[in-house]
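Structural features, examined
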Amino acid sequence: MGLNDSAEHTYIECDCDHAEHILRFTRYSGLDELDKMLTVDVYLSNYMSLPQRIWYGIKYIFGFKSGYGAFDCVLLNKKNVKRLRDLCNMHLEALDAEEGNNGSV
Ligand SMILES: [Zn+2]
């Protein structure tokens, strides 16, 4: 069984509808180490042209830090917050069932 055979993905899109602002949550089953993890994949911006990458590298070498940092955000509307809540609840219930307790952490 490959890693992808045991993966269940849930995609949550940002409210701004930008294609780079998609969160991919993955639950695994059937694997010893990963099946208790809920992973989150986020898109990391990259600089497509060589001059942009060189300029960014030079700034990095000399310790330049943007006032905004290297962050971006994903806006979750109420519907997606509920989806995230449901996903987390489902994952926690699966973990609790596996551990044999009733939700006490
Ligand atoms: Zn967005």
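The notes below deal with the structure included here. (Residues numbered from 1 in each chain as written. Predicted model: local features only at pLDDT ≥ 70, side-chain atom pairs only at ≥ 80, totals over all residues.)

**Examining the overall build of the protein**
Scanning the protein from terminus to terminus reveals two helices and three strands. Reading the protein from its N end, one meets helices and strands in the order β-β-β-α-α. Counting only residues that meet the buried cut, the protein has 0% of its 105 residues in that class. (Helix = DSSP H or I, 4+ residues; strand = E, 2+ residues; numbered from the N terminus. Buried ≥ 20, exposed ≤ 12 C-beta atoms within 10 Å, placed from the backbone.)

**Notes on the environment of His 18**
Residue placement: His 18 occurs in the loop between strand 1 (7-13) and strand 2 (22-28). Taking the C-alpha atoms as reference, His 18 lies 9.2 Å from Val 74; in sequence the two are 56 residues apart.

**Here we look at the sheet that holds strand 3 (residues 38-41)**
Strand order in the open sheet made by the three strands is 1-2-3, with antiparallel pairing throughout. Both outer strands of the open sheet, strand 1 and strand 3, are each paired with one neighbouring strand and no more. Recorded for the sheet is a direction-independent mean angle of 25° between the axes of neighbouring strands. Across seven bridges, strand 1 lies against strand 2 in antiparallel orientation. The residue of strand 2 that forms the bridge with Glu 8 is Arg 27. Relative to the sheet, helix 2 (residues 78-99) contacts strand 1, strand 2 and strand 3, its axis offset from that of strand 1 by approximately 160°. (Pairing = 2+ DSSP bridges. Axes fitted to C-alpha atoms, helices over the stretch in contact; angles between N-to-C directions. Contact = placed C-beta atoms within 7 Å.)

**Overview of unusual backbone geometry**
For Asp 17, which is not glycine, the phi dihedral falls at a positive 70°. Tracing the sequence through the fold places Asp 17 in the loop between strand 1 and strand 2.

**Focus: helix 2**
Under the 1.5 Å per step criterion, the end-to-end length of helix 2 is 31 Å for 22 residues, consistent within 8% with the ideal 32 Å. Buried residues are scarce in helix 2, accounting for zero of its 22 residues. Backbone geometry just downstream of helix 2 places Gly 100 in the positive-phi region, at approximately 80°. (Expected span 1.5 Å × (residues − 1).)

**Examining the environment of Ile 22**
As for its placement among the helices and strands, Ile 22 is situated in strand 2. Separated by 10 residues in sequence, Ile 22 and Ile 12 have C-alpha atoms that sit 5.8 Å apart. With sequence-adjacent residues up to four places away left out, Ile 22 is seen in contact with Tyr 11, Glu 13, Cys 14 and Tyr 43.

**Comments concerning helix 1 (residues 50-61)**
Note on helix geometry: an α-helix contains 3.6 residues per turn, so any two residues three or four positions apart are oriented the same way. Compared with an ideal rise of 1.5 Å per residue, which puts 12 residues at 16 Å, helix 1 spans 16 Å between its outermost C-alpha atoms and is within 8% of the ideal. Counted residue by residue, helix 1 has zero buried out of 12 residues, so it is predominantly exposed. Looking one or two places after helix 1, you find Gly 63, whose phi comes out positive at around 80°.

Remember, this is a structural readout, not a statement about activity or role.
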